[in-house]
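Inside the fold
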Amino acid sequence: MNGRSNGYLVLYEGAQEPSGYKSYCTACGQRNYRPVADNGNLCGVCRRPARKDYPTTHMRVVTYPGRGVDMDQDYEDWSLDGLRARVRLIQDFDRLADLIVAEAVWMANNCTIEEETYMVEKRRRVMVSGE
Ligand SMILES: [Zn+2]
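Source: prediction; values computed, not measured.

**What to know about the overall build of the chain**
Each helix and strand in the chain was counted, giving two helices and five strands. Beginning at the N terminus, the succession of helices and strands in the chain can be written as β-β-β-α-β-β-α. By principal-axis analysis of the C-alpha atoms, the chain measures approximately 80 × 45 × 25 Å. A buried classification covers 4% of the 131 residues belonging to the chain. Considering only contacts within the chain whose residues lie at least 6 apart along the sequence, 52% involve residues at least 24 apart.

**Topic: the sheet that holds strand S3 (residues 31–32)**
One open sheet accounts for three strands, arranged S3-S2-S4; its pairing is antiparallel. Only two strands of the sheet have a single neighbouring strand rather than two, namely S3 and strand S4 (51–53).

**Observations concerning the domain arrangement of the chain**
According to the domain assignment, the chain consists of domain 1 (11–71) and domain 2 (74–110). Measuring from the centre of the C-alpha atoms in domain 1 to the corresponding centre in domain 2 gives 28 Å.

**Comments concerning the environment of alanine 104**
Structurally, the position occupied by alanine 104 is in helix H2 (residues 80–110). Residues alanine 104 and arginine 84, 20 residues apart in the sequence, show an inter-C-alpha distance of 30 Å.

**Observations concerning the environment of tyrosine 64**
Here tyrosine 64 lies in strand S5 (residues 59–68). According to the C-beta neighbour criterion, tyrosine 64 is exposed, with 10 such atoms within 10 Å. When the C-alpha positions of tyrosine 64 and aspartate 92 are compared, they lie 20 Å apart, and in sequence the two are 28 residues distant. Contacts of tyrosine 64, omitting those with residues within four sequence positions, involve Tyr12, Glu13 and Gly14.

**Some words on the pairing of S5**
The buried fraction of S5 is low, at zero of ten residues. Here strand S1 (residues 12–18) runs beside S5; their pairing, made up of six bridges, is antiparallel. By the bridge assignment for S5, tyrosine 12 is matched with glycine 68.

**Thoughts on H2**
Here H2 contains 31 residues, and its C-alpha end-to-end distance of 45 Å stays within 8% of the 45 Å for a straight helix at 1.5 Å per residue. Of all 31 residues in H2, zero are buried; the element is thus mostly exposed.

Calculation notes
- One numbering rule holds for all chains: residues counted from 1, following each sequence as written.
- Residue-level local features of this predicted model are given only where pLDDT is at least 70; pairs of side-chain atoms are given and counted only at 80 or more, and the full residue set underlies all totals for whole chains, interfaces and linings.
- Secondary structure elements follow DSSP: runs of H or I no shorter than four residues count as helices, runs of E no shorter than two count as strands, and numbering proceeds from the N terminus.
- Think of it as a crowd count around each C-beta: if 20 or more other C-beta atoms lie within 10 Å the residue is buried, if 12 or fewer it is exposed, and in between it is partly exposed, with C-beta placed from the backbone throughout.
- Contact between two residues is assigned when their C-beta atoms, built from the backbone, lie within 7 Å.
- For two strands to be treated as a pair, DSSP must find at least two bridges joining them.
- For the purposes of this description, domain bounds are those given by an automatic or database domain assignment.
- In this analysis, the expected span of each helix is defined as 1.5 Å times one less than the number of residues it contains.

Structure, rendered in structure tokens:
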């Protein structure tokens, strides 16, 4: 989503790359760059013994902001298969946009905004005397 208040959708070029995460906490979702074999299964955030290694290489999606999918494209020399694939991609993107609009309309018609108070737990370091 781009623009002020995420006003419009842009289909960016993207890719997947290894995230570097080796394990995660099954209780709170915290990710860790070290495998369980290195430092045990105790989670550093929620303190529960619930860390597990990812069974396969954990990947993350990266996008190239400013590189819209059809920027600077000249379709003159595209193959028919390439053009068909591009049409399917744009149709998928179009359906996604329709679903987002339908969801926003549903929320506007069925939801209200209410205030709630919540507490944020924070950790800090404090000085403690040795005596
Ligand atoms: Zn945890």
